[in-house]
Amino acid sequence: MRNTIIAASNSVHQVVRGAAVFAVCLMFLTVVLQIVARYVFSAPPVWTEDVARYAMVWTGLLGATLSFKTRSDAVLMQSIAPERPHLMGRLAEAVHSAAVLTFILPVVYFCFIGLRGGFAKGFLARQSGLTADTLGIPMVWISMSVPIAMIIILLHLAARWAGDDATDTADTQLD
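Values in this document were obtained by computation on a predicted structure and should not be read as measured data.

*Asks:* What is the right way to look at the overall build of the chain in this model?
*Replies:* Helices and strands together make up the secondary structure of the chain, namely 7 helices and 0 strands. Along the chain direction, N to C, the helices and strands of the chain fall in the order α-α-α-α-α-α-α. When burial is assessed residue by residue, the chain has 33% of its 175 residues classed as buried. Once local pairs closer than 6 in sequence are excluded, the contacts in the chain between residues at least 24 apart make up 65%.

See below:
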């Protein structure tokens, strides 16, 4: 079971890394297109700003999952707490996990469930009724980045609990 969780975390990490690179490239290309169209042709397409903005949202949230997996996120306790199996190291990991869960679990819950309960009033359900003006797509396609990123971070946290030491995955991915 432990190896399955770690393998799933590593596989998702690889897929998310590719998606984040794609989102960065998409953002860059649409911004370049907008600049060229504005200053060379004096007629920028109206959709480029929205595509760049939504690609930036996906990039930021997917990037957060990547940095969490490789432990390059802002870890306050790591510099002052000793490494596990020391008791203080385990306590620091527990406090870190509690902080992650305190933030992420309500976000995931309210993405699907409304304030008074029920799926019809959750964040994603409300977003599905809105449309991006310039693109004509439902806003839920952009808003899905929030619960997807939070669930991926929960998977990476479970992999940490299962014994995943992902600090070396950042080095192996550069090869």
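After that view of the structure, there is still more to cover.
*Asks:* Is there a simple way to think about the packing of aromatic side chains in this case?
*Replies:* Aromatic ring pairs are described here by two measures, namely the spacing of the ring centres and the angle between the planes. Scanning all chains against the criterion turns up 1 aromatic pair. Centre to centre, the rings of Y109 and F110 are 5.0 Å apart; their planes meet at 85°, and the pair counts as edge-to-face. Take Y109: its relative accessible area is 44%, and that puts it in the partly exposed class. We note R160 situated over the ring of F68; from NZ or CZ to the ring centre the distance is 3.9 Å.

*Asks:* For this particular structure, what's the right way to read the nonpolar core?
*Replies:* A general tendency of soluble globular proteins is for nonpolar side chains to be buried together. Grouped together as the largest cluster of nonpolar side chains are 9 residues: L61, F68, V100, I104, V108, A149, M150, I153 and L157. For this core, the secondary structure elements donating two or more residues are α2 (47-69), α3 (87-112) and α6 (145-161). Per-element tally for this core: the top contributor is α6, with 4 residues. Setting aside chain neighbours within four positions, we find A149 in contact with L61 and T65. By size, the runner-up hydrophobic cluster in this structure holds 5 residues, among which are V16, L62, L66 and I152.

*Asks:* Explain the side chain of T59 to me, please; I cannot follow it from the model alone.
*Replies:* Mapped onto the secondary structure, T59 falls in helix α2. On the accessibility criterion, T59 (16% relative accessible area) is buried. A distance of 3.5 Å separates a polar atom in the side chain of T59 from the backbone nitrogen of V24. Among residues more than four places away in sequence, those in contact with T59 are A20, A23 and V24.

*Asks:* Help me understand the packing of helix α1 (residues 2-39) against α2, please; the structure alone is not making it clear to me.
*Replies:* Between two packed helices, the angle of one axis relative to the other and the distance separating the axes together describe the packing. Contact geometry for α1 and α2: axes closest at 8 Å, N-to-C directions at 150°. Considering the angle they form, α1 stands roughly antiparallel to α2. Crossing of α1 over α2 shows left-handed handedness. When its residues are assigned to classes, the contact of α1 with α2 shows 17 nonpolar, 8 polar and 3 charged.

*Asks:* Looking at this model, I keep getting lost on the pattern of salt bridges. Mind explaining?
*Replies:* Under the defined criterion, the tally for this structure stands at 4 salt bridges. R53 serves as the salt-bridge partner of E49, at 3.1 Å between the closest nitrogen and oxygen. Residue E49 and its partner R53 are located together in helix α2, separated by 4 residues, close to a single helical turn. According to the relative accessible area criterion, R53 is partly exposed, its value standing at 35%. We note a salt bridge from D164 to K69, for which the minimum N-O separation is 2.4 Å. Of this pair, D164 sits in the loop between α6 and α7 (169-173) while K69 sits in helix α2, placing them 95 residues apart in sequence. The exposure class of D164 is buried, given its relative accessible area of 9%. Taking the relative accessible area as the measure of exposure, K69 reaches 2% and is therefore buried. If you follow the salt bridges from partner to partner, you end up with E49, D50 and R53 in one network.

Scoring rules and cut-offs
Along every chain, residues carry numbers that run from 1 in the direction the sequence is written. Two thresholds apply to this predicted model, a pLDDT of at least 70 for residue-level local features and 80 or more for giving and counting side-chain atom pairs, whereas whole-chain, interface and lining totals are computed over all residues. As a rule here, side-chain values come from all non-hydrogen atoms in the structure, and water together with hydrogens is ignored. Secondary structure follows DSSP: runs of H or I at least 4 residues long count as helices, runs of E at least 2 residues long count as strands, and numbering of each begins at the N terminus. Throughout this description, buried means an accessible area under 20% of the type-specific maximum (1.4 Å probe, protein chains only), exposed means over 50%, and partly exposed covers the range between. Whether two residues are in contact is decided by their heavy atoms, any of which lying within 4.5 Å being enough. Classification of ring pairs rests on two measures: the distance between centres of Phe, Tyr or Trp rings, Trp counted by its six-membered ring, which must be within 6.5 Å, and the angle between planes, read as stacked under 30 degrees, edge-to-face over 60 and tilted in between. We call a charge positioned above a ring when the Lys NZ or Arg CZ atom is no farther than 6 Å from the ring centre and deviates by at most 35 degrees from the ring normal. Throughout, nonpolar core names a set of buried Ala, Val, Leu, Ile, Met, Phe, Trp, Tyr and Cys residues whose side chains join them through atoms within 4.5 Å. Side-chain atoms alone can form a polar contact between residues adjacent in sequence; in general such a contact is a pair of N or O atoms within 3.5 Å, and within protein one must be able to donate a hydrogen while the other accepts it. In this analysis an axis means a line fitted to C-alpha atoms, helices contributing only their contacting stretch, and an angle means the value between N-to-C directions, from 0 to 180 degrees. Each angle is binned into one of four classes, with values under 35 degrees roughly parallel, values over 145 roughly antiparallel, values of 65 to 115 roughly perpendicular, and all other values oblique. By definition, turning the near helix anticlockwise from the far helix through less than a right angle yields a left-handed crossing, and turning it clockwise yields a right-handed one. Throughout, the ten residues Ala, Val, Leu, Ile, Met, Phe, Trp, Tyr, Cys and Pro are labelled nonpolar, Asp, Glu, Lys and Arg are labelled charged, and all others, Gly among them, are labelled polar. Put simply, a salt bridge is a Lys or Arg side-chain nitrogen that is within 4 Å of an Asp or Glu carboxyl oxygen.

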